[in-house]
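Per-entry structural report
In case you want the letters, here they are:
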Amino acid sequence: MDHHYDPQQTNDYMQPEEDWDRDLLLDPAWEKQQRKTFTAWCNSHLRKAGTQIENIEEDFRDGLKLMLLLEVISGERLAKPERGKMRVHKISNVNKALDFIASKGVKLVSIGAEEIVDGNVKMTLGMIWTIILRFAIQDISVEETSAKEGLLLWCQRKTAPYKNVNIQNFHISWKDGLGFCALIHRHRPELIDYGKLRKDDPLTNLNTAFDVAEKYLDIPKMLDAEDIVGTARPDEKAIMTYVSSFYHAFSGAQKAETAANRICKVLAVNQENEQLMEDYEKLASDLLEWIRRTIPWLENRAPENTMQAMQQKLEDFRDYRRLHKPPKVQEKCQLEINFNTLQTKLRLSNRPAFMPSEGKMVSDINNAWGGLEQAEKGYEEWLLNEIRRLERLDHLAEKFRQKASIHESWTDGKEAMLQQKDYETATLSEIKALLKKHEAFESDLAAHQDRVEQIAAIAQELNELDYYDSPSVNARCQKICDQWDNLGALTQKRREALERTEKLLETIDQLYLEYAKRAAPFNNWMEGAMEDLQDTFIVHTIEEIQVRQLVPRRDQALMEEHARQQQNERLRKQFGAQANVIGPWIQTKMEEIGRISIEMHGTLEDQLNHLRQYEKSIVNYKPKIDQLEGDHQQIQEALIFDNKHTNYTMEHIRVGWEQLLTTIARTINEVENQILTRDAKGISQEQMNEFRASFNHFDRDHSGTLGPEEFKACLISLGYDIGNDAQKKTGMMDCEDFRACLISMGYNMGEAEFARIMSIVDPNRMGVVTFQAFIDFMSRETADTDTADQVMASFKILAGDKNYITVDELRRELPPDQAEYCIARMAPYNGRDAVPGALDYMSFSTALYGESDL
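Since we're looking at a predicted model, the values are computed, not measured.

Rules used throughout
- Every chain is numbered independently, its residues counted from 1 as its sequence is written.
- Residue-level local features of this predicted model are given only where pLDDT is at least 70; pairs of side-chain atoms are given and counted only at 80 or more, and the full residue set underlies all totals for whole chains, interfaces and linings.
- To obtain the side-chain values, all non-hydrogen atoms of the structure were used and water was disregarded.
- In DSSP terms, a helix is any run of H or I states spanning at least four residues, a strand is any run of E spanning at least two, and both are numbered starting from the N terminus.
- Partly exposed describes any residue whose relative accessible area lies between the buried limit of under 20% and the exposed limit of over 50%, with all areas from a 1.4 Å probe on protein chains only and scaled to the type maximum.
- Any two residues having at least one pair of non-hydrogen atoms within 4.5 Å are treated as being in contact.
- Here the Shrake-Rupley method, with its probe set to 1.4 Å, supplies the accessible areas, and only the displayed protein chains count as covering residues.
- Criterion for a salt bridge: a side-chain nitrogen of Lys or Arg within 4 Å of a carboxyl oxygen of Asp or Glu.
- Planes of paired rings set the category: under 30 degrees apart is stacked, over 60 is edge-to-face and the rest tilted, where pairs are Phe, Tyr or Trp rings (Trp by its six-membered ring) whose centres lie within 6.5 Å.
- By the criterion adopted, a ring carries a charge over it if an Arg CZ or a Lys NZ lies within 6 Å of its centre and within 35 degrees of its normal.
- In this description, strands pair whenever DSSP reports at least two bridges between them.
- All axes here are fitted lines through C-alpha atoms, helices being fitted over the stretch that makes contact, and every angle between N-to-C directions spans 0 to 180 degrees.

1. Observations concerning the overall build of the protein chain
Assigned secondary structure in the protein chain consists of 31 helices and 11 strands. The buried share among the 854 residues of the protein chain stands at 44%. Long-range contacts, defined as pairs at least 24 residues apart, comprise 74% of the intrachain contacts of the protein chain with a sequence gap of at least 6. Entry remark: accessible area of the protein chain is about 44,400 Å², with carbon and sulfur atoms responsible for 51%.

2. Some remarks on the pattern of salt bridges
Throughout the structure, instances matching the rule amount to 56 salt bridges. One salt bridge in this structure joins Glu-629 and Arg-322, with 3.8 Å as the shortest N-O distance. Here Arg-322 lies in helix 13 (residues 307-348) and Glu-629 lies in helix 21 (residues 622-637), a separation of 307 residues in the sequence. Exposure remark for Glu-629: the relative accessible area of 4% places this residue in the buried category. A salt bridge links Glu-813 to Arg-812; its shortest N-O distance comes to 3.4 Å.

3. Details of the packing of aromatic side chains
Inspection of the entire model under this criterion finds 29 aromatic pairs. Between Phe-795 and Phe-844 the ring centres are 5.9 Å apart and the planes differ by 80°, which places this aromatic pair in the edge-to-face class. Of this pair, Phe-795 sits in helix 28 (residues 788-798) while Phe-844 sits in helix 31 (residues 841-848), and the two are 49 residues apart along the sequence. With relative accessibility at 0%, the residue Phe-795 sits in the buried group. Taken together, Phe-170, Trp-174, Phe-180, Phe-210, Tyr-242, Phe-246 and Phe-250 form an aromatic cluster joined through their ring pairs. Positioned above the aromatic ring of Phe-135 is the side chain of Arg-134, whose terminal nitrogen or guanidinium carbon lies 5.3 Å from the ring centre.

4. A closer look at the sheet that holds strand 10 (residues 827-828)
A sheet is described by the order of its strands in space; here 3 strands give the open sequence 9-11-10, paired in antiparallel fashion. Each having just a single partner strand, strand 9 (805-806) and strand 10 make up the two edges of the open sheet. Judged from the 2 bridges that link them, strand 10 and strand 11 (residues 838-840) form a sheet pairing that is antiparallel. In the sheet register, Pro-828 faces strand 11, and the bridge partner there is Leu-839. Docked against the sheet, helix 31 engages strand 9 and strand 11, running at close to 30° with respect to strand 11.

Below, the structure written as structure tokens:
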């Protein structure tokens, strides 16, 4: 059976039939070139099946290697070949090969199976050329040209930068060898030192190109440099065949490079996201650990014994609020920013949302932070109360010591005096004098009763206020009370002894009445004088002297206290004046930032620049906060606990300042993420404005977030009917469309479907929807991102169409860090065609997109 070739069936990729017929009378030089080139071309494919040919017209005669060649280059199975040795078997095999060629849209002309079986060299070369045209050249497409013209245009484009190369055909344009060298240098400049090549040395140029192509590009030598140089017009088919091998080598390299670039891009996204995840986890762990360590310190309410120790605690707390906590506030803010940025990048790259380790969600951080601030608030309040308590205790303790010392000084020697038995040898008049003196002492004793009661009362109050030295106070107080009781008993006992003695002496005195009457004037004067002298000395003179000494001291103390209170008032006014400026300034900036973030003036870049200017002005305001902290420290050191000149406390200012820094950083991050989303999803400024207008309309409390019901209403307003638990996006509508839609649909939103949507826009279950999550949801269908299938296809290219990839292939095709990234994460390939070291790139590709575990 004869097969005929129709040139029009293959888009004119072969010369006209009359030229082919003329070529049947092949020039011996061209025949030699074709034989060598076609043989090498066939072997470049047959070696993949572990065989080769030596003689092109002999080795294809039985049709077996011809069928095998077609199977290798097409990737398809042909009909089962005949294994017999007879001519009929060979013709059958060749016909099967020719039928397969014809099935690919090629009509063969004047080529029959018998001629091939008979070893007709011209027919055999013509058949191989037909195969080369169909499988190596026809599918070449460059700028809407294909086949021969496409291959020629490709060569011209690739060699255009080389001034001494001018490719116009597939014969004489290649004789100097520079065209081949230029193709290699353009794609692999490291292989050829093109600058050293000379146009007048074609043999060196050709051999350089052929040797390099064979050694580094796996393109066998299909031509002889001497044949090309020695022929006026090299064979076009041989040149085309050889050049097509360059096209396919570099086209395959281009595909591999494109595939590698896609994989590198995807891996870079994954590596960046994984780094962000690791950074989040570490920052979250560090922050939680710091909170865990700090809360017990803030919850420790063990009081100190002295004002100095408690004031040191207050100083430590001031350091915590001014030095230690502010960086942690920034870390917490950065943690939330990193989390939001990561989630945005994951959504934009078609990856599943990031779920932190258990206990490290943003909500967990916020809860722990809330516990920290609660402990902090109670701690400062406790510190101030303790300082007030210790101040009161110090005053009471000093008062106790003062009164106790005065009392102890007064009682010194009183017990010995009361225990004297001077009345035993006294006369009646002496006894009466002693009685009068005793009565004066009893009056003095009664006057000191109040002081003893005051001492006891002060000791009781010190006990109630948990004074650290209460045991010694109690012991001293008890000693004073015991001594007081003893003085009372001794006083009563001495009175009784004096009265008994007086009665006894009065009886004796009757016996000396006459004598007494004569001595009466003198005795009376002596007794009176002694009495007066004793009374003046004990009762009046000493106390008056003591009072005169105490009055000036009291006046000095009052003057010092007056000066201290004046200084305290000055500190109050100074703090109040600054706080009354800083507090409203912080509030104003918060409101301005809120307005910038929700208003739609200019582009997102304009908003970002505006916010960064605000951030700079805020940072420049920090010295005023530090100055206020210094004034606050002076107030606390002066033990001032109230300030009628302002409603702002230092804690109000601190919290407001921290919120301001956090708000500006979050707002800047939100706009940056909006820019990321806009650019990744191709959202226009008009669409962004429409999203913002809808969001703002339902954000009635201007919190920057929507609650579930507000979000649902916003979706409905934009034309989302989510009813019967099935989402149907109706798109953006104008007012009339929306009105008609409302009338026609009634907007029944199923709870289950709405819950599903909320899980998308609020993955952390915070109960609110941010504007960033809102625009992500609204634009979720427009993302142009790589998919798992695309990455899988790219790996397949690098693997040479195998279902697995080897370690060597990964290291050859990818940058070192990304190759090792894949090697460390790819599971072994367990398919039937597995080889040692084979890796499963398919499951790895799906894992990159969260469809399975890496």
